Every structure is written in structure tokens, then in C-alpha cells.
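Below, each chain spelled out in residue letters.
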Amino acid sequence: MAEYKWPEAGKRALIGKRTNRVDGPAKVSGSAKYTYDVKRPGMLYGKILRCPHAHARIVSIDTSEAEKLLGVKAVRIIQGPGTEIQWAGDEVVGVAAVEETIAEDALRKIKVQYEKLPHLVHEEELEKVGDRAKPAAEQVSGDPDSAFKEAGVVVEGYYGLPVITHCALEAHGCVAEWEDEQNLTVWPSTQGVARVAGQFAETLGLPAGNVRALMQYVGGGFGAKFSPDRWGVETARLAKQAGKPVKLMLERAPELMVAGARPSAFARIKVAATKDGTFTAWQSESWGTGGIGGGGSPPIPYVWNPPHQRKRHTAIAANIGSARAWRAPNHPQACFLTMCAIEDLAAALKMDPLEFCLKNIALTGERSEIYRQELIQCAELMDWKKKWHPRGDPSVGPIKRGLGLAIHTWGGRAHDSECRATIHPDGSVEVSLCTQDLGTGTRTVVAIVAAETFGLPVDAIKLNVGDTRLPPSGGSGGSTTVGGVSSSTRRAAQNALEQLFAKVAPDLGVAPEQLEAAGGTIRVKGNPSKNLTWKQAAAKLGVTPIHATGKNPGPGNLNSSGVGGVQMADVSVDVETGVVKINKMAAVQDCGLIIDPKLAESQVYGAMIMGICYSLFEEKVMDRATGRMLNPNMEFYKLAGMADIGELVVQMVTGPEHDSRGVIGLGEPPVISPGPAIGNAVANAIGVRVPTLPLTPERVLAALEKGGVA
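Residues numbered from 1 in each chain as written. Predicted model: local features only at pLDDT ≥ 70, side-chain atom pairs only at ≥ 80, totals over all residues. Heavy atoms only, no water.

**Describing the domain arrangement of the protein chain**
How we decide: Here the limits of each domain have been adopted from an automatic or database domain assignment. Contact criterion: two residues are considered in contact whenever any of their non-hydrogen atoms come within 4.5 Å of each other. Buried area adds together the accessible area that both of two parts lose upon being put together, with accessible area traced by a 1.4 Å probe. Definition used for salt bridges: Asp or Glu carboxyl oxygen within 4 Å of a side-chain nitrogen of Lys or Arg. Here a polar contact is recorded for every N or O atom pair within 3.5 Å, except that within protein the pair must consist of a potential hydrogen donor and a potential acceptor, and residues adjacent in sequence are included only if both atoms are side-chain atoms. Gly counts as polar in this scheme, as do all residues outside two lists: the nonpolar Ala, Val, Leu, Ile, Met, Phe, Trp, Tyr, Cys and Pro, and the charged Asp, Glu, Lys and Arg.
As assigned here, the protein chain comprises domain 1 (9–32 + 414–552), domain 2 (35–117 + 172–249) and domain 3 (326–411 + 560–706). Summarising the inter-unit geometry, the C-alpha centres of domain 2 and domain 3 are found 39 Å apart. Each partner contributes to the interface: domain 2 provides 4 residues, whereas domain 3 provides 6 residues. For the pair domain 2 and domain 3, the summed buried area comes to about 400 Å², and 57% of that belongs to carbon and sulfur atoms. Three residues, Pro 52, Ala 54 and Phe 222, lead the burial of domain 2 against domain 3; their summed loss comes to 81% of the area buried on that side. The interface formed by domain 2 and domain 3 holds 0 salt bridges in total. Where domain 2 touches domain 3, the interface holds 2 residue pairs in polar contact (both at pLDDT 80 or more). Taken together, the residues of the side of domain 2 that touches domain 3 sort by class into 4 nonpolar, no polar and no charged.

Laid out in C-alpha cells, this is it:
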């Protein structure tokens, strides 16, 4: 049996080397096809009539005029009279027509009467939410009362992050086509090809094997695209009713209104330390909303574990649409609340926050030594010791400069995955598994691992993904994909190679276990001149290809979980206009064995850009009176542009102690720290805390009025 392990550092031809994305040419040439690009013969276009009220009961629906419209092929009432709607934009009626414009005309002919009900869409003022509050039990550890009494310094602050949306460039949606009454094919924009097919089957009452899902490329998800959603299921129902394929993709407004959002988090926090800067106590009253369900509790204090704590969280049921996982669920919120409070405590102690963190690093637990090293490395990248100053840049002029930092953690455990590796007699190699590449480089990782194992170049691997007729693999969430697919691929490739060794060993006059694959050959270990080329070896198969599977979990230690990182920001703030500019951000990140450093760095760069977006611009703005989102478009739901990014520096932490942990996911952790790193840098620059994100000019100027630098 094969020994399942990663090759040693000195014997890696591809793993750990900088490799270009295998899907890059398809994307830049336009040949990559997304759900938006799917067009089936005779396809119809679906549209949804949505409720305009944040909270209402449907009294009556009249679809008769819409049904008479020429070109309309199907009309379905999704939620009928008597249904209570809990957010503006919820689905009421679906229509399918031969053209999008006709479907839109049909929506305008549908008459719906509503009974409006009281709504809540603003949760920041906890005292005004009434019975929408769902407080959890208070949690106490140690003796916080005594700790605060005995502390040398006590600081109290208010901090918060608003609800933001996922804002993927490709909106949610799918194409649905029935082969017959019991067999359905869907082309969804999804983060879980295998998973979404099962959900369609369950909801529609079909056997699981009767739904085939196909998807090669997805234009972003960030945690929001795991379910077919009501609109996806209704697309299939409209297609069945019309007897034609139907495509239904969300427009930008409903995408931002109802396709998922990251919950808010606000907190009143009190922290304490001894006069020498030892962090001793934490107390917090936090709250937030993830929609009508309330939302989860951010894990505060985040990463740090002082000995004395008291905390309570209140979830608030708000009529704003449902929350969904958003790249590192609850961690960006927890990190912002915690790191801002810690930086304010360091400022009160007149300590450099870097020194405060290093002094108290033992409170971060078993990863404390890694954090210490990462803090030092990141500080060197930022020239922290030279550039840092106490709060409030004293320089002359309106432009004030400051530094801030944050640390974060994440799991990244590998998901279940099955892979099939095939070696054909002509020497071609196929690797097949029903995974998906969100743009993170999954295709490239799988190809590198297979090529490394077979001793072939990356372009020798034909990769099949995105089809539920392939061996199943998990959805891409929780940073679980790279560990799952790399491990199943490694095992499948090793199993296939073991069979090939058995076939060619007699020709080389040695036992199969004395063979290795390297440099496009099958050769004898220690005697590389005694070899067969890969094609010569494959020809020994005759007419029967080798098929081998590998699974994760499986034998051998190929992956683990638990990563961390440090980020620092250098910002300038114009105290006359309130505009914040990112000068430089640095990230130091560990993630176990790195398959492709270029892809790993790309993940961190993307996360830092995403962090700049939510730190400076993003907010789901709700109207108190109507309960509607006021900025459901790309004009007023702001994202960062190239001029807003600044210089980004990424350093991946590597070495034998990290390689030995195997592959660990990286998709989520680096998006956690930008908010507090940037927020702390602004406080360092202007001398006063801007308590809530995003750091808009209005919020910065409001904070300055309370006593910042002149």
C-alpha cells in the first residue's frame, strides 16, 4: 500500500513553487463560461415580483393580466394570500417569458394587496429595539469585578460594524432544464455543485440521482451561494410548468437586498490592565442582527483570553433580509471589537500597541509563539519602530498619518472529498472530482498535486470538475476546499501510480516499491538512468486504463487545521475633509504546507482589498420609514477602486514546522484583520477613535469634532 504523505521539501518539483493559474487563459480570453453565459435551445427568461414592504401580510394576488400577455409562458404564485413577509424584496410571484422585457412587463401587470405591519430595520440603538431583542445568558469567568477595581488603567469604549452585503460580480441565479418529468439539469452559480443538486432534489421531491448540476466558473460567492434558494427552485418549477428551459438571474438590486448579508455587531466594552501593561479584564455588552433570525454571537474577546471576563450578547430580529456566511463568519466583527478596545487600552497606558501585544502574547494561547514571530515580521515589513508615534500625529498640516495592527485566527479543516485519477494507455492523465473553483485556484492546486505525484508537468493533467456525475466533493466554505481536494487527489494519484508501478516493474527488473515517478519517467530509485518514459510505461497497460480513487478523510496526515496571521496598516487622514487614504498594508500569514505560493499570496491580496472595501466604504443603508435598502446598486453601494488600495505587501510563513502540518485552508482568515488594523491606524493618526465602520469622511469629521488633532 502507498505511504500517503507529501514529498519532502528537497524532492518537490512543483509543490511550493510559483505556478500560474491553469484557468487563467480561459478567463482572460473570454472562453470561460459562467451561468450568465448559459443559453439553452428555446430558453425562457424568469423574473420575480418582490414585496416592496419590510413587514407585511399578503391579502390578495391577481395574476390574470400577466397570464394573458403575449410571450408569457408561465406564472407561479410563490407566496400566496395570508403569507407574512419579513423583509422588502422577498419573492411573491415568478414569471417566465420569451424575453426579459416581456417578463418585466408581466410583473407590472400583477396586482398584489398587502396589509403593512410594524418593522424594524435599524438595530444600532439597542434601547430602541423593544421586543426584537433576544439576549443570551451572561457569561462570567474569573473575578471581573475585583479585576476592574484593582486595575491600574480601565478604558471604556463603543465600537461597531454595520450590515454589509456580499456584492459578488455575478449575481445569484441558475438555468433549469427538464429532460422529462423526473430528470432535471441545472446550471447554478454556486459554491457547492454537489450540495446544490441534492438540495434541488430534496425540495422538488426527486431522487438525488435525478438532478444533475453543472458549473465550470462562478463570479464570486464569499459564503452566500450554498443553497439553490427559493428563486432557484422556482426557476425549476417555472421550467417544468412552461415545458422549456428557464434562466433566472437576480438583478443587482435584489442581489444586494435579499441575497445574503454579513451581520452587524456593536458593543460597549470595558477593558483593564495593570500599570505595567498586563491585560487583566474584559467586559462587553454586544448586539447585532443577521436579519429576522437575529444572527450569531461574535466570539469576543477575540484571540485574546484575559483571566477575568464578563460578557453578554443580544441578537436582534430585524426586517432586513437573511444573513449568510460572509468570508470568516463572525470573525471580522469579533476582531474589530476586540482589537480596537485593546489598542485604546494601550493608548491609555501610553504604550506602543505592538509592545502591548508582545507583552501579553501568552494570552493568545497555544499559537502565541507563532503570533509573536508574525508580529515581529510584520513590524519589520512596515518599519513600525521608526514610523509609529503616540496618538495624534503632531506634524503640521491637515494630513495626519498613523499605524494600526490586528491579529486573527481561523480553522480551515479539510472537507470530505473523493477524487478519481485515470492513466490512459496513451500516457494521458485525467483527474476528476465534483468540486468547484471559486476563482481561488482550486483547479491549479489539484493539477499541481496530481502532476507532482506523477512526475509530470502541470499541463499534462486534464482536470474534470463542476459536474455531479463526477466523484463527490464538499462545498467551498470554511476554507475547507484546498485541504480536501489536495488530499483526495494525492491519495488517488498515489493509488494509480502504485498500479502503474506493478505493471512496469518486471520490465525494469525490480520490485514495484523500488520505483518512483519523476521528470516524466518511471525510474528505479537511486538509479535514474534505469527508466521508462511516462508514455512507454503507460503503453504497458495495453488497452485498459488505470482508474484509482482517493478520499479525504483517509490514511496519512495530509492536512490539519488552525491558522493565524497579523496585519498592519499605514494610513493618512485629511482632517479637513475626513478622507482616509491607505498608504500601505502588510500581512504575515501562516497556512501549513503551501501548494502554490502565488495562489496563496493572491488569496491574501484579495482579502486585504476586500477588507479595505468594508473598512472605508461598505454599508447596507436602510430607510427607517419604508424599511427598504437605500443603496441597492453599484453607484451608492461603494467598493474600493484601484486608487483606494495603496501598497500591499504579503509574506507567507513557511518552514518545516509549518509543512509538517499539511495543507490548511486560506480563503477566509486574511479578510479578518483589515478592519481593526485600518481603524486603529486612523485613531493613531487623528488622536481619537472613529467608533464604527465604514470610516467615511462624515464619521471621521464627527469624531474629530469630539477632540481629535487640529
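Text resumes after the structure shown.
**Focus: the nonpolar core**
Under the convention used in this document: Here, nonpolar core means buried Ala, Val, Leu, Ile, Met, Phe, Trp, Tyr and Cys residues that are tied together by side-chain atoms lying within 4.5 Å of each other. Each residue is placed in one exposure class: buried if its accessible area under a 1.4 Å probe, protein chains only, is under 20% of its type's maximum, exposed if it is over 50%, and partly exposed if it falls in between. Every helix listed is a DSSP run of H or I at least four residues long, and every strand listed is a run of E at least two residues long, numbered separately from the N terminus.
Formed by 112 residues in total, the largest nonpolar core has its most connected members in Met 568 and Ile 686. The greatest single-element share of this core, amounting to 10 residues, is contributed by helix H8 (residues 331–348). Each of domain 2 (35–117 + 172–249) and domain 3 (326–411 + 560–706) contributes no fewer than three residues to this core.

**Details of the sheet that holds strand E14 (residues 246–249)**
Defined as follows: In short, DSSP must find at least two bridges between two strands for them to pair. Here, axes are lines fitted to C-alpha atoms. For helices the fit covers the stretch in contact, and angles between N-to-C directions go from 0 to 180 degrees.
Taken in spatial order, the 7 strands line up as E3-E5-E1-E14-E11-E12-E13 in an open sheet, and their pairing is mixed. Each edge of the open sheet is held by one strand with a lone partner, namely strand E3 (72–77) and strand E13 (211–213). The mean inter-strand angle of the sheet, taken between neighbouring strand axes irrespective of direction, is 20°. Note: strand E11 (residues 173–180) against strand E12 (residues 183–188), 6 bridges, orientation antiparallel.

**A few points about the environment of Lys 350**
With respect to the secondary-structure elements, Lys 350 resides in the loop between H8 and helix H9 (353–359). Spatially, the C-alpha atom of Lys 350 lies 62 Å from that of Gln 113, the residues being 237 residues apart in sequence.

**Re unusual backbone geometry**
Omega for the bond connecting Ile 300 with Pro 301 falls within 30 degrees of zero, at -5°, which places this linkage in the cis form. Relative to the elements of secondary structure, Pro 301 occurs in the loop between strand E17 (279–288) and strand E18 (308–316). Positioned with a positive phi, Lys 350 is a non-glycine residue whose angle comes to about 60°. Given a relative accessible area of 77%, Lys 350 falls into the exposed group. Notably, Asp 383 is not glycine yet its phi reads approximately 55°, a positive angle. Here Asp 383 lies in the loop between helix H10 (368–382) and helix H11 (384–387).

**What about the packing of H8 against helix H17 (residues 674–686)?**
The cut-off we apply is this: Small angles under 35 degrees read as roughly parallel and large ones over 145 as roughly antiparallel, with 65 to 115 read as roughly perpendicular and the rest as oblique. Crossing handedness: left-handed means the near helix sits turned counterclockwise from the far one by under a right angle, and right-handed means the same turn made clockwise.
Where H8 contacts H17, the axes come no closer than 8 Å and their chain directions differ by 30°. Classified by the angle between their axes, H8 and H17 sit roughly parallel to one another. Crossing hand, H8 versus H17: right-handed. Contacts between H8 and H17 pair Cys 335, Phe 336, Met 339, Cys 340 and Glu 343 from the former with Gly 675, Pro 676 and Asn 680 from the latter. For the contact of H8 with H17, the per-class residue count stands at 5 nonpolar, 2 polar and 1 charged.

**A few points about the pairing of strand E16 (residues 265–273)**
The two faces of the sheet receive side chains in turn, since in a regular strand these alternate between them. Extensive coverage of E16 is indicated by the burial of 7 of its 9 residues. Where E16 and E17 come together, 8 bridges link them in antiparallel fashion. Directly across from Phe 266, in E17, lies its bridge partner Trp 287. Taking the residues between adjacent antiparallel strands as the criterion, E16 and E17 are bridged by 5 residues, where Gly 277 takes a positive phi near 95°.

**Overview of the environment of Gln 283**
For Gln 283, the position within the fold is in strand E17. Of the residues examined, Gln 283 reaches a relative accessible area of 24% and is grouped as partly exposed. Counting along the chain gives 127 residues from Gln 283 to Glu 156, while the straight-line C-alpha distance between them is 9.1 Å. Not counting the four nearest positions on each side in its chain, Gln 283 is found in contact with Phe 148, Arg 268, Ile 269, Lys 270 and Arg 310.

**Quick word on the environment of Thr 203**
Here Thr 203 lies in helix H5 (residues 193–204). Residue Thr 203 is classed as partly exposed on the basis of its relative accessible area of 43%. Taking the C-alpha atoms as reference points, Thr 203 and Val 186, separated by 17 residues in sequence, lie 14 Å from one another. In terms of polar contacts, Thr 203 uses its side chain to reach the backbone carbonyl oxygen of Gln 199, at 2.9 Å.

**What to know about the packing of helix H15 (residues 597–616) against H17**
Between H15 and H17, the least distance of the axes is 8 Å, while the angle of their chain directions is 55°. One element, H15, and the other, H17, form an angle in the oblique class. When the axes of H15 and H17 are compared, the crossing they make is right-handed. Residues Ala 607, Met 608, Gly 611, Ile 612, Tyr 614, Ser 615 and Leu 616 of H15 form the contact with H17, whose own contacting residues are Pro 674, Gly 675 and Ile 678. Tallied by class, residues from the contact of H15 with H17 come to 7 nonpolar, 3 polar and no charged.

**Side note on the sheet that holds strand E26 (residues 546–552)**
The strand order E22-E21-E20-E26 describes an open sheet built from 4 strands, whose pairing is mixed. Of all the strands in the sheet, the pair left with one neighbour each is strand E22 (461–464) and E26. Each strand axis lies, on average, 20° off the axis of its neighbour in the sheet, ignoring direction. With respect to the sheet, helix H13 (residues 481–508) is in contact with strand E20 (417–423), strand E21 (429–432) and E26, its orientation differing from that of E26 by roughly 145°.

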